[in-house]
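Here are the chains, one letter per residue:
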Amino acid sequence: MRKFACCVTLLSALNIGAAQAAEMKSCVSSEQANAIFTYILPVVFDAAGSKCSPYLDANVALMQHKSGSYQKYVAASKQAWPKAKVGIRVMFAEKLPESMDIEAVRPFIDGLVTAMVSDGIKPKSCSMISEAYTLLEPLPAANFGGLMALFMKLGAEGDKKPPINICENLKK
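Computed from a predicted structure; not experimentally measured.

As a further point, take the overall build of the protein. The helix and strand inventory of the protein stands at seven helices and zero strands. Buried residues in the protein amount to 42% of all 172 residues. Across the protein, every contact between residues at least 6 apart in sequence was considered, and the portion connecting residues at least 24 apart equals 79%. In the structure as shown, the protein presents an accessible area of about 9,500 Å², 58% of it carried by carbon and sulfur atoms.

Within the span of helix 6 (residues 126-136), buried status applies to C126, I129, S130, A132, Y133 and L136. Each buried residue of helix 6 sits inside an arc of 160° when the element is viewed along its axis, so together they form one side.

Turning to the environment of N34, a few remarks are in order. Among the secondary structure elements, N34 is positioned in helix 3 (residues 30-52). C-alpha of N34 to C-alpha of N143: the two residues are 109 residues apart in sequence and 8.3 Å apart in space. Non-local contacts of N34, meaning those with residues more than four positions away in its chain, are made with G145, G146 and A149.

Applying the stated rule across the entire model yields two disulfides. Here C27 pairs with C167 through a disulfide, and the sulfurs are 1.8 Å apart. Looking down the S-S bond of the C27 and C167 bridge, the torsion is 100°, so its handedness is right-handed. In this pair, C27 is assigned in the loop between helix 2 (18-23) and helix 3 and C167 in the segment after helix 7 (141-155), connecting sequence segments 140 residues apart. For C167, a relative accessible area of 18% puts it in the buried group. A sulfur-sulfur separation of 2.1 Å characterises the disulfide bridge that pairs C52 with C126. Disulfide C52-C126: the torsion about the S-S bond is -80°, which places it as left-handed.

Rules and cut-offs
Residues numbered from 1 in each chain as written. Predicted model: local features only at pLDDT ≥ 70, side-chain atom pairs only at ≥ 80, totals over all residues. Heavy atoms only, no water. Helix = DSSP H or I, 4+ residues; strand = E, 2+ residues; numbered from the N terminus. Buried < 20%, exposed > 50% of the residue type's maximum accessible area, 1.4 Å probe, protein only. Contact = heavy atoms within 4.5 Å. Areas by Shrake-Rupley, 256 points an atom, 1.4 Å probe, with all protein chains shown as cover. Arc of directions from axis to C-beta. Disulfide = S-S within 2.5 Å.

Written out as C-alpha coordinates, the structure is:
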(Lines give C-alpha, C1' and ligand atoms only; values in the text may rest on other atoms or scores of the structure.)
Protein backbone atom coordinates (compact mmCIF):
# COMPACT_ATOMS: atom_id res chain seq x y z
CA MET A 1 0.00 0.00 0.00
CA ARG A 2 2.88 2.38 0.75
CA LYS A 3 4.29 1.76 -2.73
CA PHE A 4 0.94 2.60 -4.31
CA ALA A 5 0.71 5.76 -2.21
CA CYS A 6 4.22 6.71 -3.32
CA CYS A 7 3.29 6.28 -6.97
CA VAL A 8 0.17 8.38 -6.46
CA THR A 9 2.33 11.03 -4.77
CA LEU A 10 4.68 11.02 -7.73
CA LEU A 11 1.71 11.31 -10.10
CA SER A 12 0.20 14.16 -8.14
CA ALA A 13 3.49 15.99 -8.57
CA LEU A 14 2.72 15.91 -12.30
CA ASN A 15 -0.60 17.69 -11.86
CA ILE A 16 -0.86 20.45 -14.45
CA GLY A 17 -3.37 22.31 -12.32
CA ALA A 18 -7.04 21.83 -11.67
CA ALA A 19 -7.95 25.11 -13.36
CA GLN A 20 -6.19 24.09 -16.56
CA ALA A 21 -7.76 20.64 -16.41
CA ALA A 22 -11.22 22.08 -15.94
CA GLU A 23 -10.71 24.23 -19.02
CA MET A 24 -9.71 21.25 -21.16
CA LYS A 25 -12.63 20.11 -23.23
CA SER A 26 -10.90 17.51 -25.40
CA CYS A 27 -9.75 14.19 -24.12
CA VAL A 28 -6.65 12.29 -25.13
CA SER A 29 -6.74 8.61 -25.97
CA SER A 30 -5.24 6.11 -23.55
CA GLU A 31 -2.49 5.56 -26.12
CA GLN A 32 -1.71 9.29 -26.22
CA ALA A 33 -1.77 9.52 -22.41
CA ASN A 34 0.62 6.57 -22.17
CA ALA A 35 2.90 8.29 -24.69
CA ILE A 36 2.79 11.57 -22.76
CA PHE A 37 3.76 9.85 -19.52
CA THR A 38 6.44 7.75 -21.24
CA TYR A 39 7.80 10.93 -22.81
CA ILE A 40 8.10 12.77 -19.47
CA LEU A 41 9.61 9.87 -17.48
CA PRO A 42 13.24 11.04 -17.79
CA VAL A 43 12.20 14.59 -16.90
CA VAL A 44 10.33 13.29 -13.84
CA PHE A 45 13.23 11.09 -12.74
CA ASP A 46 15.75 13.91 -13.24
CA ALA A 47 13.61 16.29 -11.20
CA ALA A 48 12.99 13.71 -8.46
CA GLY A 49 16.69 12.85 -8.36
CA SER A 50 17.68 16.50 -8.09
CA LYS A 51 15.13 17.23 -5.39
CA CYS A 52 15.99 14.10 -3.42
CA SER A 53 19.78 14.07 -3.87
CA PRO A 54 20.43 15.63 -0.44
CA TYR A 55 18.32 12.91 1.19
CA LEU A 56 19.37 9.74 -0.69
CA ASP A 57 22.58 7.79 -1.05
CA ALA A 58 24.30 8.40 -4.37
CA ASN A 59 24.21 4.67 -5.17
CA VAL A 60 20.39 4.21 -5.16
CA ALA A 61 18.82 3.46 -8.55
CA LEU A 62 16.99 6.81 -8.77
CA MET A 63 20.34 8.60 -8.68
CA GLN A 64 21.95 6.52 -11.46
CA HIS A 65 21.30 8.70 -14.51
CA LYS A 66 24.01 7.01 -16.57
CA SER A 67 22.75 3.48 -15.92
CA GLY A 68 21.32 1.26 -18.63
CA SER A 69 17.99 1.29 -16.82
CA TYR A 70 17.80 5.07 -16.91
CA GLN A 71 18.89 5.16 -20.55
CA LYS A 72 15.94 2.93 -21.51
CA TYR A 73 13.65 5.71 -20.28
CA VAL A 74 15.51 8.26 -22.39
CA ALA A 75 15.21 6.02 -25.48
CA ALA A 76 11.52 5.32 -24.80
CA SER A 77 10.91 9.06 -24.30
CA LYS A 78 12.32 9.82 -27.74
CA GLN A 79 10.23 7.02 -29.26
CA ALA A 80 7.05 8.22 -27.48
CA TRP A 81 7.42 11.88 -28.49
CA PRO A 82 5.55 11.67 -31.84
CA LYS A 83 2.38 10.29 -30.16
CA ALA A 84 2.88 12.43 -27.06
CA LYS A 85 2.98 15.65 -29.06
CA VAL A 86 -0.30 14.72 -30.77
CA GLY A 87 -1.84 14.22 -27.31
CA ILE A 88 -0.39 17.51 -26.08
CA ARG A 89 -1.84 19.26 -29.10
CA VAL A 90 -5.26 17.74 -28.25
CA MET A 91 -4.97 18.72 -24.58
CA PHE A 92 -4.14 22.35 -25.30
CA ALA A 93 -5.90 22.77 -28.66
CA GLU A 94 -7.80 25.86 -27.52
CA LYS A 95 -4.74 27.44 -25.92
CA LEU A 96 -2.22 27.00 -28.72
CA PRO A 97 -2.40 28.69 -32.10
CA GLU A 98 -3.11 26.07 -34.75
CA SER A 99 0.06 27.02 -36.62
CA MET A 100 2.28 26.67 -33.52
CA ASP A 101 4.80 23.87 -33.79
CA ILE A 102 4.60 21.66 -30.70
CA GLU A 103 8.39 21.27 -30.93
CA ALA A 104 8.62 24.93 -29.90
CA VAL A 105 6.63 24.17 -26.73
CA ARG A 106 8.68 21.11 -25.79
CA PRO A 107 11.25 22.93 -23.58
CA PHE A 108 8.38 24.67 -21.77
CA ILE A 109 6.67 21.31 -21.13
CA ASP A 110 9.91 19.84 -19.78
CA GLY A 111 10.45 22.88 -17.55
CA LEU A 112 6.86 22.83 -16.32
CA VAL A 113 7.06 19.14 -15.42
CA THR A 114 10.41 19.68 -13.68
CA ALA A 115 9.00 22.54 -11.62
CA MET A 116 5.84 20.63 -10.68
CA VAL A 117 7.72 17.49 -9.67
CA SER A 118 10.28 19.46 -7.66
CA ASP A 119 7.56 21.48 -5.97
CA GLY A 120 5.42 18.41 -5.25
CA ILE A 121 8.10 16.29 -3.58
CA LYS A 122 8.61 16.66 0.12
CA PRO A 123 11.95 15.50 1.56
CA LYS A 124 10.25 12.85 3.71
CA SER A 125 8.85 11.26 0.51
CA CYS A 126 12.24 10.77 -1.14
CA SER A 127 12.96 7.33 0.31
CA MET A 128 9.51 6.07 -0.77
CA ILE A 129 9.95 7.53 -4.25
CA SER A 130 13.33 5.85 -4.49
CA GLU A 131 11.83 2.55 -3.33
CA ALA A 132 8.98 2.80 -5.86
CA TYR A 133 11.44 3.60 -8.65
CA THR A 134 13.55 0.57 -7.70
CA LEU A 135 10.48 -1.71 -7.67
CA LEU A 136 9.18 -0.44 -11.00
CA GLU A 137 12.56 -0.07 -12.72
CA PRO A 138 12.49 -3.57 -14.28
CA LEU A 139 9.30 -2.71 -16.19
CA PRO A 140 9.66 -1.66 -19.81
CA ALA A 141 9.50 2.13 -19.98
CA ALA A 142 6.21 2.09 -21.94
CA ASN A 143 4.64 -0.07 -19.22
CA PHE A 144 5.84 2.38 -16.58
CA GLY A 145 4.28 5.26 -18.57
CA GLY A 146 1.07 3.24 -19.00
CA LEU A 147 0.97 2.54 -15.27
CA MET A 148 1.22 6.27 -14.59
CA ALA A 149 -1.70 6.89 -16.99
CA LEU A 150 -3.70 4.17 -15.24
CA PHE A 151 -3.07 5.80 -11.85
CA MET A 152 -4.19 9.09 -13.39
CA LYS A 153 -7.48 7.47 -14.44
CA LEU A 154 -7.93 5.90 -11.01
CA GLY A 155 -7.21 9.21 -9.29
CA ALA A 156 -9.73 11.00 -11.51
CA GLU A 157 -12.71 8.86 -10.55
CA GLY A 158 -15.44 10.68 -8.70
CA ASP A 159 -15.80 14.43 -8.51
CA LYS A 160 -12.13 15.25 -9.12
CA LYS A 161 -11.16 16.87 -12.40
CA PRO A 162 -8.27 14.94 -13.93
CA PRO A 163 -5.09 16.84 -14.79
CA ILE A 164 -5.16 14.97 -18.09
CA ASN A 165 -8.58 14.18 -19.48
CA ILE A 166 -8.26 10.60 -20.75
CA CYS A 167 -11.06 9.37 -23.03
CA GLU A 168 -12.99 6.33 -21.97
CA ASN A 169 -12.74 3.57 -24.55
CA LEU A 170 -15.64 1.51 -23.27
CA LYS A 171 -18.14 -0.13 -25.57
CA LYS A 172 -21.73 0.73 -24.76
